[in-house]
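Take a look at the letters that make up each chain.
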Amino acid sequence: MTWMGSWRERAGRIILDPHDPDGVPIDTPRDRRWLWRIEATLTTGATTDQQRLLARDLREYLRETCEHHWRPYSGDEHVSAHAQCLWCNQVRWLDSEL
Ligand SMILES: [Zn+2]
């Protein structure tokens, strides 16, 4: 971990990348993206019950209020066509109206 430089050098794609991995522009506000980064950091790095509870509550809040950024998958022989949210990982099946 380096303490040199600015936050922009450590922010990573989750906060700064204007496009998702498919090249589609991301409309999610930067403040919201910071919250997802904090949640991810707390989820993997919490060392106290207080931090774990904060991670759980933040994750629950973010999932309840997620403004989804859907990434479509055309499907293959193993999984049918669906879209998955870049942020909360919710899945929406695209052929569910059969
Ligand atoms: Zn979502």
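Shown above is the structure to which this text applies.
Let me begin by describing the structure that accompanies this report. (Residues numbered from 1 in each chain as written. Predicted model: local features only at pLDDT ≥ 70, side-chain atom pairs only at ≥ 80, totals over all residues. Heavy atoms only, no water.)

## A few points about the coordination of the zinc ion
What counts, and what does not: Here a donor is an N, O or S atom found within 2.8 Å of the metal, or within 3.2 Å if the metal is Na, K or Ca; sites may look incomplete because water is not among the atoms. Irregular is the label for any site that misses the other tests, which are tetrahedral for four donors with all angles between 85 and 135 degrees, and square planar for four donors or octahedral for six when opposite donors exceed 155 degrees and the remaining angles lie between 65 and 115. Put simply, DSSP marks the helices as runs of H or I at least four residues long and the strands as runs of E at least two long, and each gets a number from the N terminus on. Each residue is placed in one exposure class: buried if its accessible area under a 1.4 Å probe, protein chains only, is under 20% of its type's maximum, exposed if it is over 50%, and partly exposed if it falls in between.
Coordination of the zinc ion by the protein involves Cys-66 (SG), His-68 (ND1), Cys-85 (SG) and Cys-88 (SG), with metal-donor separations of 2.1 to 2.4 Å. Around the zinc ion, the 4 donor atoms sit at angles spanning 100 to 115°, and that spread fits a shape best called tetrahedral. Mapping the donors of the zinc ion onto the primary sequence yields the spacing C-x1-H-x16-C-x2-C. Placement of Cys-66 in the loop between α4 (49-64) and β1 (70-73) and of Cys-88 in the loop between β2 (82-85) and β3 (91-93) is noted, with a sequence separation of 22 residues between them. Residue Cys-88 is classed as buried on the basis of its relative accessible area of 9%.

## A closer look at unusual backbone geometry
Non-glycine residue Asn-89 carries a positive phi angle of around 70°. As for its position among the elements, Asn-89 is in the loop between β2 and β3. Residue Asn-89 is classed as partly exposed on the basis of its relative accessible area of 45%.

## Observations concerning the pairing of β2
Within a regular strand, the side chains alternate between the two sheet faces. Quick note on the threshold: DSSP calls a pair of strands paired once it identifies at least 2 bridges connecting them.
Of the strand pairs in this sheet, β1 and β2 are connected by 4 bridges, and their pairing is antiparallel. Bridge pairing links Pro-72 to Ala-83 in β2. The pairing of β2 with β3 spans 3 bridges and is classified as antiparallel. Its bridge partner being in β3, His-82 is matched across the sheet by Trp-93. Between β2 and β3, which pair antiparallel one after the other, the connecting turn spans 5 residues, and Asn-89 there sits at a positive phi close to 70°.

## Overview of the pattern of salt bridges
Cut-off, in case you're wondering: Salt-bridge detection follows one rule: a side-chain nitrogen of Lys or Arg within 4 Å of a carboxyl oxygen of Asp or Glu.
Under the defined criterion, the tally for this structure stands at 4 salt bridges. As a salt-bridge pair, Asp-17 and Arg-13 come within 2.8 Å of each other at their nearest N and O atoms. Judged by its relative accessible area of 18%, Asp-17 falls in the buried class. In this structure, Arg-59 engages Glu-39 in a salt bridge whose closest nitrogen and oxygen atoms are separated by 2.9 Å. Of the two residues, Arg-59 is situated in helix α4 and Glu-39 in helix α3 (residues 30-45); the sequence distance between them amounts to 20 residues. Since its relative accessible area comes to 21%, Arg-59 is described here as partly exposed. Overall, Glu-39 belongs to the buried group, its relative accessible area being 9%.

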